[in-house]
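Take a look at the letters that make up each chain.
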Amino acid sequence: QKEVEQNSGPLSVPEGAIASLNCTYSDRGSQSFFWYRQYSGKSPELIMFIYSNGDKEDGRFTAQLNKASQYVSLLIRDSQPSDSATYLCAVNMGGFNKLIFGTGTRLQVFP
Amino acid sequence: GAGVSQSPRYKVAKRGQDVALRCDPISGHVSLFWYQQALGQGPEFLTYFQNEAQLDKSGLPSDRFFAERPEGSVSTLKIQRTQQEDSAVYLCASTWGQGTGQPQHFGDGTRLSIL
């Protein structure tokens, strides 16, 4: 079992729809969770982080965390073609500073 | 500068050559991380510095990989006797503090190609 798992996609959604990206992790003691967006040929860009169970909203983005289910998700409302990118889920595990990344989910938003 | 700066952006080397990759973190950031990202994969942790101290090097794939941060600011990742499997993007990230859970901000990376 991978430490951080994501569906590789592609996830295709029409412009204006809600895109839902999911991530599961193996270490029940994990405390910090991050979502990065990565455009092709570019470096990862931090878009959200969440530490507590529940929802955290920032503009069109909502991160959701359920520690009991070891599940974190990212919702993108009113998806735009410019949101088309790979979304990486990352977790601090076991009290360590390093991030463990999933392989990323490729999102395609079509007009 | 405002962000993490890495150089060179692209590096092509022949198999067996040594390479050095530079990372200049955000000013004042205490923690510095190196990651390796293969095509189609997420970044994988290589090593971590807190100021000049290398606290975790568990991700370095072999003894050909060496990193340093002698004055607690700029860091260099050196790869000796490069192999084709070293071809990847090398990413550097920094955070202002030393605790866990702080968001890491990445540089643009160095794309290394070994011929």
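Residues numbered from 1 in each chain as written. Chains lettered and ligands numbered in written order. Predicted model: local features only at pLDDT ≥ 70, side-chain atom pairs only at ≥ 80, totals over all residues. Heavy atoms only, no water.

Participant: Give me the lowdown on the interface of chain A and chain B, citing residues and values where you can.
Facilitator: Counting residues at the interface gives 21 residues for chain A and 24 residues for chain B. Here chain A meets chain B over a buried area of about 1,600 Å², counting both sides, of which 54% is carbon and sulfur. Our enumeration of links across chain A and chain B arrives at 0 salt bridges. At the boundary of chain A with chain B, the tally comes to 8 residue pairs in polar contact (both at pLDDT 80 or more). At the level of secondary structure, the elements contributing two or more residues to the side of chain A that touches chain B comprise strand 4 (32-38), strand 5 (45-50), strand 9 (85-92) and strand 10 (99-101) of chain A. Tallied by class, residues from the side of chain A that touches chain B come to 10 nonpolar, 9 polar and 2 charged. (Contact = heavy atoms within 4.5 Å. Buried area = accessible area lost by both parts, 1.4 Å probe. Salt bridge = Lys/Arg side-chain N within 4 Å of Asp/Glu carboxyl O. Polar contact = N/O pair within 3.5 Å; in protein donor to acceptor, adjacent residues only side chain to side chain. Helix = DSSP H or I, 4+ residues; strand = E, 2+ residues; numbered from the N terminus. Nonpolar A, V, L, I, M, F, W, Y, C, P; charged D, E, K, R; others polar.)

Participant: Would you mind going over the sheet that holds strand 3 (residues 19-25) of chain A in detail, with residue names and values included?
Facilitator: Residue and element names in this part refer to chain A. Spatial ordering of the open sheet is given by 1-3-8-7-6, a layout of 5 strands whose pairing is antiparallel. Single-partner strands in this sheet number two, and they are strand 1 (4-6) and strand 6 (54-58). Sheet twist, expressed as the mean angle between neighbouring strand axes with direction ignored, is 20°. Sheet topology places strand 3 next to strand 8 (residues 71-76); 6 bridges connect them, and they run antiparallel. Within the sheet, the bridge partner assigned to Ser20 lies in strand 8 and is Leu75. (Pairing = 2+ DSSP bridges. Axes fitted to C-alpha atoms, helices over the stretch in contact; angles between N-to-C directions.)

Function cannot be read off these values alone, since they describe shape.
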